[in-house]
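A look at the structure
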Amino acid sequence: MLKLIKSQFKKCCTRCTYNAKKSAKTEIETVKTGFEKYELIEQIGEGGCAKIFLANNIVTNEKCAIKCIETKTEKAKRYLQYEISTMQKMKGIKGVVQMQETFKDDEETTHIVMEHINGWCLQDVVENLQIDERVIATLCKSILKSLQQVHARRIIHRDIKCGNIMLTKDGETKLIDFGYATYCPEGGYVKSGKVGSMFWMAPEIFQKEAYNHKADIWSFGIMVLEMYLGDPPYYGSPKTNETIVTHLAMGDVPIPGGMSSKMQNFVRRCLAYSPDERPNVDELLDDVYLRDTVTIEDIADNINRMFKVTV
Ligand SMILES: Nc1ncnc2c1ncn2[C@@H]1O[C@H](COP(=O)(O)OP(=O)(O)OP(=O)(O)O)[C@@H](O)[C@H]1O
Ligand SMILES: [Mg+2]
């Protein structure tokens, strides 16, 4: 794929250089644009219909991440539009990945240029390391502060999970991937088909009912279990997808008995079956479980050290 993108890159560059020469003649435009401006270094991620590359901006000599998204269907084009317009609304939020620009390679590939987050995807961290409850509480607090800003802009993320959280080498969290995000007016609801990732999906979305930002709180609760267990509940279970869906749609989520009662209670609040009984972000931030935390320097030290030893 990297080769493919690089060859696309070369093709595009020839095209861009041609345009630049033409512009130079007419003295209109000599600014570097699109792929002409970036040097791809390596692939750093892959999702449903996107590949993410580490790149160098040759104008500023700064690293960035480029998400290359194929949009073959009308639905994919619509989601991409949401992703870009939502990322524009996220400007200035420290705990959310920042978009720099977008450009098109051809009709079916769009590139989102973002700040490069130097660190790890939280999913890799929880899959490899056993994380202590106090560290989880600290991460929860940091992620909730980002989600608070997202919800304040009336956006529902709809895909909260460890795979969409990055942890920087300084111990900070950043929310990424607004590919499923949508706008929900204050006091309003959204109705759609099933959207998001199955194991984290709120029952009201499963059941195709109207929903609001409380759907993110459910996914957040599942994500807390994912941080504790390494995977979301039912993941890898021999049960069929249909049985799992029925359990989750009924709000039947097992809470590990070894967890402290404070943490159990916190998770149960997030996983209240009725969205009206689920707390909003402000209320969750006041939960007693989040009062016993570590410093972000401790998180950075722990994770840097543990990753060096185990991976
Ligand atoms: N700005 C970034 N800096 C560093 N790494 C990134 C960045 N954006 C994405 N990644 C890496 O790429 C992976 C996939 O990114 P993203 O979640 O945006 O793609 P996606 O296609 O929407 O994924 P999925 O369908 O699995 O949710 C992330 O889990 C992360 O490891
Ligand atoms: Mg993702």
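Residues numbered from 1 in each chain as written. Chains lettered and ligands numbered in written order. Predicted model: local features only at pLDDT ≥ 70, side-chain atom pairs only at ≥ 80, totals over all residues.

**Remarks on the environment of T86**
- Inspection of the secondary structure assignment puts T86 in helix α2 (residues 74-89).
- Given 22 C-beta atoms within a 10 Å radius, T86 is considered buried.
- Distance from T86 to T182, taken between C-alpha atoms, is 7.6 Å for residues 96 residues apart in sequence. (Helix = DSSP H or I, 4+ residues; strand = E, 2+ residues; numbered from the N terminus. Buried ≥ 20, exposed ≤ 12 C-beta atoms within 10 Å, placed from the backbone.)

**Quick word on the confidence of the model for the chain**
- Taken over all residues, the pLDDT of the chain has a mean of 87, while the share at 70 or more is 88%.
- Low confidence marks residues 1-27, where pLDDT is under 50. Its contacts with residues over four positions away, or in another chain, come to 24 contacts. (pLDDT = per-residue confidence, 0-100. Contact = placed C-beta atoms within 7 Å.)

**Considering the site of ligand 1**
- As a matter of local geometry, ligand 1 sits amid 19 residues, with G45, G47, G48, A65 and D177 nearest to it.
- Those elements that provide at least two residues to the shell around ligand 1 are β1 (38-46), β2 (50-57) and β3 (62-70).
- Tallied by class, residues from the shell around ligand 1 come to ten nonpolar, seven polar and two charged.
- Residue-level mapping places the shell around ligand 1 at the junction of two domains, with at least three residues from each of domain 1 (15-115) and domain 2 (119-303). (Near = placed C-beta within 6 Å. Nonpolar A, V, L, I, M, F, W, Y, C, P; charged D, E, K, R; others polar. Domains from an automatic or database assignment.)

**Re the sheet that holds β3**
- The strand order β1-β2-β3-β5-β4 describes an open sheet built from five strands, whose pairing is antiparallel. Across the chains shown, the open sheet's two edge strands, defined by having one partner strand only, are β1 and β4 (99-106). Each strand of the sheet is rotated relative to its neighbour by a mean of 30°, with strand direction disregarded.
- As judged from the six bridges shared by β4 and strand β5 (residues 109-115), these two strands associate in the antiparallel manner. Paired with E101 across the bridge in β5 is V113.
- Packed on one face of the sheet, α2 meets β3, β4 and β5 and runs near 155° to β4. (Pairing = 2+ DSSP bridges. Axes fitted to C-alpha atoms, helices over the stretch in contact; angles between N-to-C directions.)

**Notes on α2**
- A rise of 1.5 Å per residue sets the reference length of α2, with its 16 residues, at 22 Å; its end C-alpha atoms lie 23 Å apart and thus fit the reference within 8%.
- Along α2, the residues that are buried comprise Y79, L80, E83, T86 and M87. One side of α2 carries all its buried residues, which in axial view fall inside an arc of 135°. Away from its buried face, by an angle of more than 90 degrees, α2 presents the exposed residues E74, R78, Q81 and Q88. (Expected span 1.5 Å × (residues − 1). Arc of directions from axis to C-beta.)

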